[in-house]
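# Chains, contacts and geometry: an overview
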Amino acid sequence: MSSMEEREIELLIGPQHPASGHMRLVAKVDGDVVVELRPNIGYVHRSVEKLAEVKKYLQIIPLVERPSLADTTANNLAYVMAVEKLLGIDPPERAKYLRTLLAEINRIHSHLYGLGIHGVMIGSSTAYMWCFGDREPFLELAQELTGARLTYSYIIPGGVRRDLPAGFGERAERVLRYMENRMKDYFDLYFNNPVVRARLEGVGVLSRDDAIRLGVTGPNLRASGVAYDVRRAEPYAAYPELEFDVVTEQAGDSFARVMVRVREIVESMRIIRQVLRKIPEGPILHENYEKLIPPKLREEMKRRGMVKFPSVFANLRVPAGEAISRVEGGRGEVVFHIVSDGKLSPYRMRMVTPSFRNVILFEHLTRGVRVADIPAIYGSLDYFPPEADR
Amino acid sequence: MDIIGLLFEPYIFIPLVFPGLIAAFILLLIIIWLERKIAAKVQLRYGPLYVLKPLGGVIQTVADLLRYLFQEPIIPKGVDRIAFLMTPVFLFGLAYLPLVAIPVSPTYYAFRSDVSLLLVLALTTLAPIFTVLMGWASNNKFSLIGGVREGYLVISYEIPMFLSALSMALLYNSLDLVEIAEAQRRIWGALLNPVAALTMLLLMYMSTSRFPFEIPEAESEIVAGPYTEYSGIIYGLVMGASYVKLYVLSLVYSILFLGGWNPLPSNDAILAGTILFIKAFLLVAIGAFLRAVYPRFRIDQAIGIGWKIAFPLSLISILLSLSLIIGGVSLVG
């Protein structure tokens, strides 16, 4: 054993490494083979959970968005759903559809972000540029809908902040058609590229049993053949009324994980089309809150399609109790647990982010692979370091 | 007057000016610009734009070179100073040294030898030694691994590359690059022995770290491999060396397979040199374009390609050459 130990080199990948993100991977390598890889995630401490205990309920909305910048809507939605459970209210139908719409736009550009990062990690700068370039139309759609580019803070207790802008449907349709055309290019140049296939197929295989045992979530779980999706398992927002397939792949390798995300983009586009077709007319804020708004402001709000917060909203008081909410984010299941003691801030807030549950995979999947497989597996997990450390 | 006359003597002019160091530098500048421009085209963006705007930022690379020149070269503590500083110089020098043995036209050459092909191949083999030394001298684990990876690769690409080049020498019955080019007056080598042409092209890009074989300096895996600790102009030298090596091998490839200065039968050194340069330039440009298409292979896959695909192919190319000779294809004369 001692001679084996001498053969091994401890390689510190990150936190300042082109492919490490904000974290450090402690790798033990024997030649070109990884003997052990331990992720050291604590380099972007955000202490969101602790900060939430001293902030008011509305102030927490932008706070919980921060840990997962590429996928803010999922955290926003999950948090608001937990608050709504405590408040005992249900948002109006139109607001539910708008929430779904934003969540799916967000899922697409979150997946494109992940695919782009994955591309550059195996050396394809073209995939990186394409994916990041094609995020742009979706970011613009979201910007048009919410007024913000990345951290939308769009979903508020009782509804959403803005109504659908005029002409949004046609513009969205144009973006979707553009993306469908681009998908062909992606497959021609990237996904059907023999080098990409050689780098991804059979690399970092996660078996179905291991995926379940390790508590993996999101596309990484579905790539191992488990058809688990919170949107189906515990429907929320407008999902019960929409048709979509839960995408699964059987292989469980890096390529399957990438493929699940690509196919989910297609499903998300399908959902967006349905939402735009089916969206009902009606208010976007719960009547309890709407009637708190002074009549003059309420009229202006209806005219402009933007919610002006009534001042009482800032001091939103949530009844004592506990609530748990679950949402399917771009990277997997987001869980919020709020304990309220009836004061202005939550007594305790706990969030479980998908990247934190997926970080365990680094150690599991990288045993015995090559050094070059580390970034390939890292990228295929769509791991977002700030999301793990909250 | 005598000095100018001396400058145009082939043994000075060829290694220093054309197709020597200065041509290599100009090609380096153009190719890096072209590489960024082509990649930008594929990736739906502009690429270099502002330096000399009317020509699409063509001298951006000159600006980059100036920046490299005036950037502080940082020498980390704990490196082997002499090896750290000298290896880039040797690497670059050895990358372009084979140019002395490459003829420009049947009558214009710096150094004619019966074994000039062997000379060129032998000199190109020396450069990787310095890459490995560089990785060792940097005293950094990423550099060390990068250097070792280069070492692995060298073994797997050198042998089949030599075999496929020598299979052509067999066919032409000569190791003299002038004779080899002259033998292709009627038909080019690539048509006679396409297997050798394909193998050598593949291995040429592999040996100069083009995509998908950009393995020693894979930035997402081992930062910049052997070059991790380098900065400033010494980094410029090591990065330039692989392009210069690609240029040299492209010249050799053009002479071996693409008829050299043919199809225009010319004893005019300028015309012949231009044709040769254009062919080499195209080969280098193809190498630059590959960046836009491929990600990079894993090292074991690249070594596998070297031994499982290129090596048998190079053996087949030798058999093909032998059968052509037995079949009575006569090229010489």
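Everything below is about the structure shown above.
Here's what I pulled together on the structure shown here. (Residues numbered from 1 in each chain as written. Chains lettered and ligands numbered in written order. Predicted model: local features only at pLDDT ≥ 70, side-chain atom pairs only at ≥ 80, totals over all residues. Heavy atoms only, no water.)

### Quick notes on the overall build of chain A
Cut-off, in case you're wondering: Think of it this way: any DSSP run of H or I at least four residues long counts as a helix, any run of E at least two long counts as a strand, and we number them from the N terminus. We compute the radius of gyration from the C-alpha atoms alone; for a globule the expected value is 2.2 Å times N to the 0.38, where N is the number of residues. To sort residues, take the accessible area from a 1.4 Å probe on protein chains only and compare it with the maximum for the residue type: under 20% means buried, over 50% means exposed, and anything in between is partly exposed. All accessible-area figures derive from a Shrake-Rupley calculation using a 1.4 Å probe, and residue coverage is judged against the displayed protein chains alone. Just so you know, the count uses Lys and Arg for positive and Asp and Glu for negative, and it drops His and the chain ends. A charged residue contributes its charge at one atom only: NZ of Lys, CZ of Arg, CG of Asp or CD of Glu.
The helix and strand tally for chain A stands at 19 helices and eight strands. Taking 390 residues into account, the globule formula puts the C-alpha radius of gyration at 21 Å, and chain A, at 22 Å, falls close to it. Taking the principal axes of its C-alpha atoms as reference, chain A extends roughly 80 × 45 × 35 Å. Burial statistics for chain A: of 390 residues in total, 59% are counted as buried. Total accessible area on chain A is roughly 14,900 Å²; 51% of this is exposed by carbon and sulfur atoms. The averaged location of the 51 negative side-chain charges in chain A is 5 Å from the averaged location of its 54 positive side-chain charges.

### Concerning the interface of chain A and chain B
Stated formally: Contact criterion: two residues are considered in contact whenever any of their non-hydrogen atoms come within 4.5 Å of each other. Once two parts are joined, some of their accessible surface, as seen by a 1.4 Å probe, is lost; buried area is that loss totalled over both. For this analysis, a polar contact is any N or O atom pair within 3.5 Å, provided that within protein one partner can donate a hydrogen and the other can accept it, and provided that sequence-adjacent residues contribute only side-chain to side-chain pairs.
Tallying the contact residues gives 32 residues for chain A and 27 residues for chain B. Interface of chain A and chain B: buried area, both sides summed, is about 2,600 Å²; carbon and sulfur atoms make up 63% of it. Linking chain A with chain B are 10 residue pairs in polar contact (both at pLDDT 80 or more), by the criterion used here. Counting residues per element, the ones that place at least two in the side of chain A that touches chain B are β1 (8–13), α5 (93–121), α6 (125–146), α7 (168–191), α8 (194–200) and α18 (373–380) of chain A. No other element matches β1(A), which puts five residues into the side of chain A that touches chain B.

### Topic: empty space enclosed by the protein
As a reminder of what qualifies: Cavities and pockets were defined on a 1 Å grid built over protein atoms only: a cavity is a set of grid points that admits a 1.4 Å probe from which the probe cannot escape, a pocket is an open set flanked by protein on both sides within 12 Å along at least five of seven lines, and lining residues are those with an atom within 4 Å of any such point. Grid points are joined across faces, edges and corners, and a volume is the space filled by probe spheres set on the points.
One pass over the structure, following the stated rule, counts four cavities of 30 Å³ or more. Empty space within the largest cavity amounts to approximately 140 Å³. Lining the largest cavity are 16 residues, and of these Thr131(B), Glu150(B), Tyr227(B), Ser242(B) and Lys245(B) sit closest to its centre. For the lining of the largest cavity, the secondary-structure elements that each account for two or more residues are α5 (81–96), α6 (116–137), α7 (141–172) and α12 (232–257) of chain B. Among the elements that line the lining of the largest cavity, the one with the most residues is α12(B), at four residues. Here the second largest cavity is characterised by a volume of approximately 60 Å³. Lining the second largest cavity are Ile13(A), His17(A), Ala19(A), Leu25(A), Val371(A), Ile374(A), Pro375(A), Tyr378(A), Ser220(B) and Glu221(B).

### Quick notes on the layout of surface pockets
Roughly 1,200 Å³ of internal volume is contained in the largest pocket. Top element by residues in the lining of the largest pocket is α12(B). It accounts for eight residues. Estimates place the volume of the second largest pocket at around 390 Å³. The element that contributes the greatest number of residues to the lining of the second largest pocket is α5(A), accounting for five residues.

### What about the nonpolar core?
This is how it is decided: Residue types Ala, Val, Leu, Ile, Met, Phe, Trp, Tyr and Cys, when buried and joined through side-chain atoms within 4.5 Å, form a set referred to as a nonpolar core.
Ranked by size, the top nonpolar core spans 93 residues in total, and within it Tyr79(A), Leu98(A), Leu101(A), Phe138(A), Phe336(A) and Met349(A) carry the most contacts. Every residue in contact with Phe336(A), bar those within four places of it in the chain, is listed here: Val64(A), Asn75(A), Ala78(A), Tyr79(A), Ala82(A), Ala323(A), Ile324(A), Ser325(A), Met349(A), Arg350(A) and Met351(A). The next biggest cluster of nonpolar side chains, apart from the first, holds 83 residues, and it includes Tyr96(B), Ala197(B), Leu246(B) and Ala285(B).

### As for the pattern of salt bridges
Residues and elements named next belong to chain A. This is how the line gets drawn: Note on definitions: salt bridges are taken to be side-chain nitrogens of Lys or Arg within 4 Å of carboxyl oxygens of Asp or Glu.
The tally for this structure, following the rule as stated, stands at 44 salt bridges over all chains. Among the ionic pairs, Glu-49 bridges to Arg-350, the shortest N-O distance being 3.2 Å. In this pair, Glu-49 sits in helix α2 (residues 48–52) while Arg-350 sits in strand β8 (residues 348–352), placing the two residues 301 residues apart along the sequence. For Arg-350, a relative accessible area of 33% corresponds to the partly exposed category. For the salt bridge of Arg-222 with Asp-229, the shortest nitrogen-to-oxygen distance reads 3.8 Å. We classify Asp-229 as buried; its relative accessible area is 2%.

### Topic: the sheet that holds β8(A)
Each strand in a sheet pairs with another by means of backbone hydrogen bonds, the pair being arranged parallel or else antiparallel. Residues and elements named next belong to chain A. Definition in use: Pairs of strands are assigned from DSSP output, requiring at least two bridges between the strands. Angular values range over 0 to 180 degrees, each being the angle between N-to-C directions of two axes fitted as lines to C-alpha atoms, with helices fitted over their stretch in contact.
Judged by pairing direction, the sheet is antiparallel, and its three strands sit side by side in the order β6-β7-β8 without closing on themselves. Only two strands of the sheet have a single neighbouring strand rather than two, namely β6 (321–328) and β8. Adjacent strand axes in the sheet meet at a mean angle of 10°, parallel and antiparallel pairs treated alike. Here strand β7 (residues 333–340) pairs with β8 via five bridges, running antiparallel. Bridge pairing links His-337 to Arg-350 in β8.

### Considering α7(A)
All of the buried residues in α7(A) are Phe168(A), Ala172(A), Val175(A), Leu176(A), Met179(A), Arg182(A), Met183(A), Tyr186(A), Leu189(A), Tyr190(A) and Phe191(A). Those residues of α7(A) that are buried lie in contact with α5, α6, α8 and α12 (254–278) of chain A together with α13 (269–293) of chain B.

### What to know about the packing of aromatic side chains
Residue and element names in this part refer to chain A. Threshold: Pairing of aromatic rings covers Phe, Tyr and the six-membered ring of Trp, with a centre-to-centre limit of 6.5 Å; geometry is then stacked below 30 degrees between planes, edge-to-face above 60, and tilted otherwise.
Tallied over the entire structure, the rule returns 21 aromatic pairs over all chains. Here the aromatic rings of Tyr-186 and Phe-191 are separated by 6.5 Å at their centres, their planes lie at 15°, and the arrangement is stacked. This pair shows no difference in class: Tyr-186 is buried, exactly as Phe-191 is. A ring pair is formed by Phe-362 and Tyr-383, whose centres lie 5.2 Å apart and whose planes are at 80°; its orientation type is edge-to-face. Of the two residues, Phe-362 is situated in helix α17 (residues 360–365) and Tyr-383 in the loop between α18 and α19 (385–388); the sequence distance between them amounts to 21 residues. The same class applies to Phe-362 and to Tyr-383, which are both buried. Joined through ring pairs, the aromatic side chains of Trp-130, Tyr-186, Phe-187, Tyr-190 and Phe-191 make up one cluster.

### Concerning the side chain of Ser321(B)
Residue and element names in this part refer to chain B. Positionally, Ser-321 belongs in helix α14 (residues 299–326). With relative accessibility at 0%, the residue Ser-321 sits in the buried group. Apart from residues no more than four positions distant in its own chain, Ser-321 is found in contact with Ser-167, Met-168, Leu-170, Leu-171 and Asn-193.

### With respect to helix α4 (residues 60–70) of chain B
All names here are of chain B. The following threshold applies: What the arc describes is the spread of directions from the helix axis to the C-beta atoms.
Taken together, the buried positions of α4 are Gln-60, Thr-61 and Asp-64. The arc enclosing the buried residues of α4, seen along the axis, measures out at 95°, which places them on a common side. In this fold, the buried residues of α4 make contact with α3 (21–42).

### Concerning the sheet that holds strand β3 (residues 33–40) of chain A
The sheet built from three strands is open, its strands ordered β1-β2-β3 (chain A) with antiparallel pairing. Each edge of the open sheet is held by one strand with a lone partner, namely β1 and β3 of chain A. Neighbour-to-neighbour, the strand axes of the sheet open up by a mean angle of 20°, direction not taken into account. Here seven bridges tie strand β2 (residues 24–30) of chain A to β3(A), and the two strands are oriented antiparallel to one another. Across the sheet, Val26(A) pairs through a bridge with Arg38(A), a residue of β3(A). Each of β1 and β2 of chain A touches α7(B); the most contacted strand, β1(A), lies at about 120° to it.

Function cannot be inferred from these measures alone, as they are strictly geometric.
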